[in-house]
Amino acid sequence: MNGPTDRNADERELAEFEARIARGEKIEPGDWMPEEYRQQLIRMISQHAHSEIVGMLPEGAWITRAPNLRRKMVLLAKVQDEAGHGEYLYHAAETLGPTREEMLDDLLDGRAKYSNIFNYPTLTWADIGIIGYFVDGAAILNQTMLARCSSYGPYARANVRICAEESFHMKQGKEMVIRMATGTAEQKRLVQDAVNRWWWPTLMMFGPHDQHSPNTPQLVRWGIKTRTNDELRQTFVNNLVPELHALDLEIPDPDLHYEEESGNWIIGEIDWDEFWAVIHGDGPCNEERLAARRRAHEEGRWVREAMAAYAERKKEPERA
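Residues numbered from 1 in each chain as written. Predicted model: local features only at pLDDT ≥ 70, side-chain atom pairs only at ≥ 80, totals over all residues. Heavy atoms only, no water.

Further remarks concern the packing of aromatic side chains. Overall, the coordinates contain 12 aromatic pairs when judged by the stated rule. Residues F134 and W199 carry aromatic rings whose centres are separated by 6.1 Å and whose planes lie at 75 degrees to one another, so their mutual orientation is edge-to-face. Note that F134 is positioned in helix α6 (residues 125-149) and W199 in helix α8 (residues 185-204), a separation of 65 residues in sequence. Note on W199: relative accessible area 0%, which makes it buried. Among the aromatic residues, those joined into a ring-pair cluster are F17, W32, Y37 and W222. The ring of W62 has R65 lying over it, and the distance from NZ or CZ to the ring centre is 3.9 Å. (Phe/Tyr/Trp six-rings, centres within 6.5 Å; stacked < 30°, edge-to-face > 60°. Helix = DSSP H or I, 4+ residues; strand = E, 2+ residues; numbered from the N terminus. Buried < 20%, exposed > 50% of the residue type's maximum accessible area, 1.4 Å probe, protein only. Lys NZ or Arg CZ within 6 Å of the ring centre and 35° of its normal.)

All right, on to the pattern of salt bridges then. Going through the model one piece at a time under the given rule, you end up with 26 salt bridges. Linking D230 and R233 is a salt bridge whose minimum nitrogen-to-oxygen distance equals 2.7 Å. One end of the pair is D230 and the other is R233, both in helix α10 (residues 229-246) and 3 residues apart, which spans about a single turn. For R233, a relative accessible area of 3% gives the class buried. Beyond isolated ion pairs, a larger network of salt bridges with shared partners links E16, R20, R23, E25 and D31. (Salt bridge = Lys/Arg side-chain N within 4 Å of Asp/Glu carboxyl O.)

Here is the structure:
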């Protein structure tokens, strides 16, 4: 049991820690931090990393079905970028203690979470455009905040690189949607169908309402986040609704309306039962996504073993 002296020391360290955050300083791996701060970061960063590598799957399924060589090359580059984002983020999480193997085991065993959005199917080529426009656009809002403001240095720096690449992904998706929305009647029909299916799951990406998000107060207090789930979601809606209207695309929300007093587009109620079902493993593609990651992990085992053996041989002293 800690005595009064230990408690006083902990309180002084916590006060200095919070003062550093208030001054806008970054916390680095070797710095003192509360255990709750460390655990929140491990949860958040590893979940972000898992989302990047699982997020390769819905779009990767369309690489061989891209309509032309240019689109195939763009999609290949994008999926490759997502793999790289996962690498940056796993490295950032490793600075807090867990190993890459431990985090991947948590994912493959179903103990870890990743973004709900990647448990929905990509049914047509239009879905690839909407993922770039909607999903990457929503991710950029969150990641830009983290890059500029997150109090943990390695996470903030990883997001700087990620945001630069995600901005290209969003622009590429937006271009696809514009071309299809202003193209043939069939293209317009396909993109409208994709809007109908992806609108609500994208809004769920930002997480539960603030009053139902137990992690938000602590994340904001310690500068890991500087904007809440509802604030980010509202910004996303305000940005996107006028653009979709300009393309003559309908938004699948009969309750959507503009509020003059606040200047906000007000959405109807999100189906939170669907959100929690997907989070807890009962989405359309949860089993498929994890099965694909497990298969890839197993098929890549020989590569990891070969690399480990090579590293061990390099450690052996050279023989005369």
